[in-house]
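# Remarks on the overall topology
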Amino acid sequence: MHESLLRDLRAVVGEAGVITQPSARAAYDCDGLTLKRRLPELVLLPRDTDQTARCMRLLYRAGIPLVPRGAGTGLSGGATPVEGGVVLGTARMRRVLEIDSERRLARVQSGVVNADLSRITAAQGLYYAPDPSSQAACTLGGNVAENSGGPHCFRHGNTTRHVLGMVVVTPEGELLDLSDPRPDPWGYDLCGLFVGSEGMFGVATELTLKLTPLPPVTETLLAIFQSLDECCEVVTDIIAARLEPSAIEILDKLTIQAVEASVFAAGYPQDAEAVLLLEVEGHEAQVSETIARVEPILERHRCIELRRARDAAERARLWAGRKGAFGAMGRIAPDLYVADVVAPRTRLREIVRIATDIATERGLAISNVFHAGDGNLHPNISYDRRDAEQVARVLEAGDLIMQACIERGGSLTGEHGVGIEKQKMMARLFSEEDLAAMARVRAALDPKERLNPGKMIPLRACMELRTRPIPAPSPGDLE
Amino acid sequence: MNPRELGFPLQAGRPPIARPEDERGIRSVLEHARREHLRVAPIGGGRHLSVCRPDVERGEVDLLLSTAALDRVVEYVPGDGTLTAQAGCSMQALAETVAEGGHALTPRVPNPERASLGGTLGAGRSGLDRVRYGPLRHHVLGMRVMLADGNVARSGGRLVKNVTGFDLHRLYTGSRGTLCVILEASLRLFPLPEAERHLVWKETRLEPQLERAAALADSALEPRVEALLREEGIWELHLGLAGLGVSVAFERDLAVQLAGSPTQELEGEHPELFDIEESGGGTQIESCAPPGELAARTSELDALGAERILILPRAGRLCAWIQEPSPLPPPQIVDLWPRFIPRALPFAWHEALAPRATEVPALAPMLSLQKALDPEGRFASNIFPGRP
Ligand SMILES: Cc1cc2nc3c(=O)[nH]c(=O)nc-3n(C[C@H](O)[C@H](O)[C@H](O)COP(=O)(O)OP(=O)(O)OC[C@H]3O[C@@H](n4cnc5c(N)ncnc54)[C@H](O)[C@@H]3O)c2cc1C
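What counts, and at which threshold
Residues numbered from 1 in each chain as written. Chains lettered and ligands numbered in written order. Predicted model: local features only at pLDDT ≥ 70, side-chain atom pairs only at ≥ 80, totals over all residues. Heavy atoms only, no water. Helix = DSSP H or I, 4+ residues; strand = E, 2+ residues; numbered from the N terminus. Rg over C-alpha atoms; globule rule 2.2 N^0.38 Å. Buried < 20%, exposed > 50% of the residue type's maximum accessible area, 1.4 Å probe, protein only. Contact = heavy atoms within 4.5 Å. Areas by Shrake-Rupley, 256 points an atom, 1.4 Å probe, with all protein chains shown as cover. Lys, Arg positive; Asp, Glu negative; His and termini not counted. Charge placed at Lys NZ, Arg CZ, Asp CG, Glu CD. Near = heavy atom within 4 Å. Polar contact = N/O pair within 3.5 Å; in protein donor to acceptor, adjacent residues only side chain to side chain. Nonpolar A, V, L, I, M, F, W, Y, C, P; charged D, E, K, R; others polar. Buried area = accessible area lost by both parts, 1.4 Å probe. Salt bridge = Lys/Arg side-chain N within 4 Å of Asp/Glu carboxyl O. Pairing = 2+ DSSP bridges. Axes fitted to C-alpha atoms, helices over the stretch in contact; angles between N-to-C directions. Expected span 1.5 Å × (residues − 1). Domains from an automatic or database assignment. Core = buried A, V, L, I, M, F, W, Y, C linked by side-chain atoms within 4.5 Å. Phe/Tyr/Trp six-rings, centres within 6.5 Å; stacked < 30°, edge-to-face > 60°. Lys NZ or Arg CZ within 6 Å of the ring centre and 35° of its normal.

### Section: the overall build of chain A
Along the backbone of chain A there are 17 helices and 18 strands. In summary, chain A has a C-alpha radius of gyration of 22 Å against a globular reference of 23 Å for 479 residues, a match within 12%. Structurally, chain A occupies a C-alpha span of about 70 × 55 × 45 Å along its principal axes. In chain A, which comprises 479 residues, the share counted as buried stands at 63%. Expressed as a percentage of contacts within chain A between residues at least 6 apart in sequence, the contacts between residues at least 24 apart total 71%. When the accessible surface of chain A is summed, it comes to about 16,800 Å², and 49% of that surface belongs to carbon and sulfur atoms. Of note, chain A has its 55 positive side-chain charges centred 3 Å away from the centre of its 65 negative side-chain charges.

This is how it looks when you write it as C-alpha cells:
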C-alpha cells in the first residue's frame, strides 16, 4: 500500500482506525466460511459516516477494492478479503443514534450488534424482531447486507421487512441518504434493493429500523419425537392448516446431543430423534387458540411428549440451546460446513432425507437444525479442514444438496447469502439473462466493481457486460 | 399500421394500445418499438396511469402495451402458501383462486375486479390492509420481467424465504413501468380470516379520533384495517378485525373497552371502505407524517381545499382529494415537496413541479438504474412528476 495513501487514511480515521500489522490483519482473513482465507492489504475502522465516506473516496481514487465487514459471522464468504483489497469494518460504529418509541423506530450506526438493540429498547416495550442465531455477535449492518433471518422471522419476516431507511456511502464515497422512513418509497425502492446486496452496492453506515411491540403473551413449546420424518410432517401440516406461530424450529438427534453436551444445554431429551421448538405469541385468545389447534397435529404425528416453558428463564434456556447449536457442533469435529438451502414447505421431509443420504454416502457426519416453518434448512456437515480429501467430500456434498433443492423448486440460500460459497451454483439456479440483469444493476451502482468484487454473480454474467471483473478468490490462491 | 404485419393486435386510439397474446408478442411489440423509435408504456388495468398521464396527453407515449392477455395462474401451492400468476390476472380472480385453499391475498386493492396483478405491482400500491400485513413490496417473492431489449429476467423465486441474488423484484415493484414489463410474479399468501368484524366511531373533530387510534395502537390489537376517513365534515374511525373466530371476538371486546361503544358495527368487511381510494375522482395527493404530526399535516391538506381525507395512522399515511384544484399548484404544495407523493395530479401541476423533481432524494442512482435496464429510454412512463 502506498505510503502517502496510508498517511491520508490515518489522517481520516486516526492511528487506532488503521490496522497494518500482518498478525492483526490475520483476524480479518475470513468470515464464518473458514475454508476460504486471504490476508487483507489493510483494515480500516472508521467511526462514522463521514470517516467512511472520506476513506472510500481515497480508496476509489487509488483504484483499490474494498470489502465491507461487520462482525465477520457471515457464512458465505461475503466478508472474505479480495486480492489487493482493503477491509472496512464497522466495529467502531456502535452508537444507537435515536430511539423513537412513538414512531416505533430506531436509528443506529451499522456496527451496532443485533441483540444490543433489543436490550436497549426493551424498557419501552419494544424490540427488533429479526433474531439470527448469531445475534449476540453479528452487526445490524451485516444483517442488512445479508437480509438475515432468524427463528422468529417465520412470523415477522427477514430483515428487509424491518428496514425503514438507511444512509449509504457509494463506492465513489458519495452519500446516499435514504433515511427518511416514509411508508412508501419515493421513486424506486432503493432500500429494498440494498437489503441483501451483500456489500456490493455501498457501505451502509446508518440504519433506520422498525421496532416491534413486545407481545403480551408468549408460549414456548418443545415437542419431542422419535422420528425426524414425523417432526417434519408436523411442520408441513401446521403450514397447511394456515396456523401462525411465531417460530417453528427443528433440531435432530445429533444436534440435540451436541447441544446437551455443551454450555448451551437446554434440557432437550438426548434419546429423541428430533425436537420441534415452537413459539406462539400475541394476545391471550390468539395464543391459546393456536396452541389448541396445533396439539392434535402433534398427536397425529406421534409426538411423544409436549413440554411448555413455565417461565421466561425456561424459555430463554430452550432458545439458548437452539441458538447455540452451531457453536455446540464444535464438539463433533473442529469445523462445520453450514448449508442454508430452502425447499418448498411441502417437501421438507424429502429434502432432509436427501441431504442426509448425500452426506452419509460420503462418510460425513450430518446434523440438521433448521427454520422449518420457512422451509429453510441447515444440513450441517462436521469435518476437519486439515484433511484435504475430506474437505473435497464436504464441498461436493454441499453442491449436491443445493442441486437437489434447485431440482425440487428450492433455492440456494434462505438467509446466509451467496458470497463466494454459492457463486458457481448461481448459474444453475438462474439463466444467463437473469444473471445479466443482476450484473447490469450492479454495474449501475458500482460501475468499477470496487465493492466486494468478484462475488455473488458468476464471472460469465459479468463478462456479458464486457467489464473486467477482479478475480474472485479461488481455493488455490487462498490459505 | 397493419396489425397482421406487426404480429400483435393493435387497438386504435391516442396512443394506440398493443394487446399481445403472449410473451413472444410482448417481445415483438418491444422490437417494433425499437425499430420505429417509439416510446412504450406498459399498462395493466390502466387504473394508475394518472401518474404518467402528462406523457399521454402530450403525445410523449407512442404506444401503450397491455399485459391483459397474460392471465394465467401459473401455480398456487396451498401447502406452501404461495401463488405465482401472470401479470394480466385480475386481483379479484387471484383472490378467488386462493380463497379456495383458505388463503387471502394482500393488497386488498380498490375495485379488484379491474386491477391487474402487473398494474398493482408496477404501481407499488398497498391496500388498506397494510395495517396488518405491511406494504405489498414485502410480500413479492419473485418476478419474471421483460426488459426493454426483449430479454426475460427472473429474480427471487416462489419460496417464502429466499435471499439468493439481488432482490430485483423489489426494484421493479413500484417502478411504474419505467424499467421493465412485469410478466409474472410470486406472492406470499395469508390465512383467509375465519371471522371478520368492522367497527366505526364517528366524531366531528379529528383530535378525539386520533386519541382513540393511539389507544388502539398501544394495545394488543392486530387489526387488518385502521383508517380515519373524513367525509362531509364527519371523521369516521374504521377498525377492521379479522382472524381466528375467538381472536376476533376478543379483539372486538378489547377495542370497545379502549375506544368506547362504536357508532356502527358490522359482521364481515365494510362494503365500501376498500374501494374508497378510487371513488370520487378529482386530484389526489398523498403525504406522510409521524403520529404526532398527523393533525398538523391534515390542516395543511385542508388548506389546499381537501374535500375528503383518508388517514392510516399506523402507517403514517394521508391521502387527500381535491375536487376542483386551482390551475397551478398552490404554494403550500410546493413547500410540502417532497413530503407529499403525487397521485392523480392535473398536468399543469406536474409541469409546475418539474423543476423540483431534481430534489428527490437519491435521484442519481435511480436514473443510473433506469439507464442500465433501459439504455435507449424505450419505456415512456414517468416515475416522477415532471421530467428531471
Ligand atoms: C453461529 C452462527 C449462527 C448464525 N445464525 C444465523 C441465523 O440464524 N440467521 C441468519 O440469517 N444468519 C445467521 N448466521 C450468519 C451471519 O451471522 C449473518 O449473515 C449476519 O448477518 C452477518 O453479520 P456480520 O455483522 O457478522 O456481517 P459480516 O459477516 O461481517 O458481513 C456479511 C456481509 O455483509 C457485508 N457487510 C457487512 N457490513 C456491511 C455494511 N455496513 N454495509 C454494507 N455491507 C456490509 C459484508 O461485506 C458481507 O458481504 C449465523 C452465523 C453464525 C456464525
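### Overview of unusual backbone geometry
The peptide bond linking Thr106 of chain B to Pro107 of chain B adopts the cis configuration, its omega dihedral lying at 5°. Structurally, Pro107 of chain B can be placed in the loop between β7 (103-104) and α5 (117-123). In this model, Arg302 of chain A sits at a positive phi of 55°, which is unusual for a non-glycine residue. Structurally, Arg302 of chain A can be placed in the loop between α10 (284-300) and β15 (305-308). Although it is not a glycine, Asn452 of chain A sits at a positive phi angle of roughly 45°.

### Considerations on the site of the ligand
Residue and element names in this part refer to chain A. Of all residues adjacent to the ligand, which total 34 residues, the nearest are Pro68, Gly70, Thr73, Ser134 and Thr139. Contacts to the ligand include Gly78, whose backbone N or O atom sits 3.1 Å from an oxygen atom. Ser134 is positioned with one of its side-chain polar atoms (N or O) 2.5 Å from an oxygen atom of the ligand. Relative to its unbound accessible area of 970 Å², the ligand is 94% covered by the protein chains. Here the shell around the ligand gets 5 residues from one element, more than from any other, and that element is helix α5 (residues 140-146). In terms of residue class, the shell around the ligand is made up of 10 nonpolar, 20 polar and 4 charged.

### Observations regarding the interface of chain B and chain A
In this complex, chain B contributes 76 residues to the contact, which on the side of chain A involves 75 residues. Approximately 6,100 Å² of surface area, both sides summed, lies buried where chain B meets chain A, with 60% of it carried by carbon and sulfur atoms. Interface area lost by chain B to chain A is led by Lys161, Val163 and Phe166 of chain B, which between them contribute 15%. Put simply, chain B and chain A have 11 salt bridges between them. The salt bridge partner of Arg293 of chain A is Glu194 of chain B, with a shortest N-O separation of 2.5 Å. Here chain B and chain A share 28 residue pairs in polar contact (both at pLDDT 80 or more) between them.

### Notes on the sheet that holds strand β12 (residues 217-225) of chain A
Residues and elements named next belong to chain A. Pairing in this open sheet of 7 strands is antiparallel, and the strands run β15-β12-β14-β13-β17-β18-β16 from one edge to the other. Among the strands making up the open sheet, the edge pair consists of β15 and β16 (335-338). Across the sheet, the mean angle from the axis of one strand to that of its neighbour is 20°, orientation sign disregarded. Relative to strand β14 (residues 274-282), β12 runs antiparallel, the two sharing 9 bridges. Pairing of Glu219 across the sheet is with Val280, part of β14. Together, β12, β13 (247-252), β14 and β17 (365-370) form the strand contacts of helix α8 (residues 228-240), whose direction differs from that of β13 by roughly 170°.

### Here's the deal with helix α2 (residues 23-36) of chain B
Residue and element names in this part refer to chain B. Its 14 residues give α2 an end-to-end C-alpha distance of 20 Å, which sits within 8% of 20 Å, the value for a rise of 1.5 Å per residue. Those residues of α2 not exposed but buried are Glu23, Gly25, Ile26, Val29, Leu30, His32 and Ala33. Near the N-terminus of α2, the side chain that reaches the backbone nitrogen of Arg24, with its oxygen 3.3 Å away, is that of Asp22.

### A closer look at the domain arrangement of chain A
All names here are of chain A. Along its sequence, chain A is carved into domain 1 (3-89), domain 2 (96-213), domain 3 (217-327), domain 4 (333-423) and domain 5 (424-471). Each of domain 3 and domain 4 has a C-alpha centre, and the two are 22 Å apart. Contact with domain 3, which involves 17 residues of that partner, is made by 19 residues of domain 4. Roughly 1,600 Å² is buried in total at the junction of domain 3 and domain 4, and carbon and sulfur atoms are behind 64% of that figure. Our count for the domain 3 to domain 4 interface comes out at 2 salt bridges.

### Notes on the nonpolar core
Met166, Ile250, Leu276 and Val441 of chain A together with Leu121 and Tyr172 of chain B are the most contacted members of the largest nonpolar core, which has 126 residues in total. The residues contacting Leu121 of chain B, other than those within four sequence positions of it, are Leu136, Val140, Met143, Tyr172, Thr173, Gly174, Ile182, Ala185 and Leu187 of chain B. Within the second largest apolar cluster, 30 residues are counted, among which are Leu206, Val248, Leu304 and Ile309 of chain B.

### A closer look at the sheet that holds strand β2 (residues 42-44) of chain A
What links the strands of a sheet is backbone hydrogen bonding, and the strands pair in either a parallel or an antiparallel sense. Residue and element names in this part refer to chain A. Reading across from one edge, β1-β2-β4-β3 is the order of the 4 strands in this open sheet, with mixed pairing throughout. Each having just a single partner strand, β1 (18-19) and β3 (66-69) make up the two edges of the open sheet. Across 3 bridges, β2 lies against strand β4 (residues 86-89) in parallel orientation. Note on β4: the bridge partner recorded for Leu44 is Leu88. Sheet strands touched by helix α3 (residues 49-62): β2, β3 and β4. Its angle to β4, the strand with the most contacts, is close to 170°.

### With respect to the packing of aromatic side chains
If you walk through the whole model with that rule in mind, you get 3 aromatic pairs over all chains. Plain terms: the ring middles of Phe194 of chain A and Phe201 of chain A are 5.7 Å apart, the flat faces sit at 85° to each other, and that makes the pair edge-to-face. Given the relative accessible area of 6%, Phe194 of chain A is considered buried. Each ring, one from Tyr133 of chain B and one from Phe190 of chain B, has its centre 4.2 Å from the other, and the planes form 35°; the classification is tilted. Here Phe190 of chain B lies in strand β11 (residues 190-191) and Tyr133 of chain B lies in helix α6 (residues 130-133), a separation of 57 residues in the sequence. Take Tyr133 of chain B and Phe190 of chain B: they sit in the same class, and that class is buried. Among the aromatic side chains, those forming a connected cluster through ring pairs are Phe194 and Phe201 of chain A together with Phe166 of chain B. The lysine or arginine in question, Arg308 of chain B, covers the ring of Trp321 of chain B, its NZ or CZ lying 4.7 Å from the ring centre.

### Re the domain arrangement of chain B
Residue and element names in this part refer to chain B. The domain architecture assigned to chain B consists of domain 1 (1-192), domain 2 (195-271) and domain 3 (277-355). With centres defined by C-alpha atoms, the gap from domain 2 to domain 3 works out at 25 Å. Counting residues at the interface gives 15 residues for domain 2 and 13 residues for domain 3. In total, about 1,100 Å² of surface goes out of reach between domain 2 and domain 3, with carbon and sulfur atoms giving 55% of it. Counting the surface domain 2 buries against domain 3, the share from its top three residues, Glu226, Leu228 and Arg230, is 42%. At the junction of domain 2 and domain 3, the tally comes to 3 salt bridges. The partner of Arg308 in a salt bridge is Glu231, and the shortest N-O contact between them spans 3.0 Å. At the junction of domain 2 and domain 3, the tally comes to 7 residue pairs in polar contact (both at pLDDT 80 or more). Elements with a minimum of two residues in the side of domain 2 that touches domain 3: α8 (206-217) and β13 (225-231). Looking at the side of domain 2 that touches domain 3 residue by residue, the classes come out as 11 nonpolar, no polar and 4 charged.

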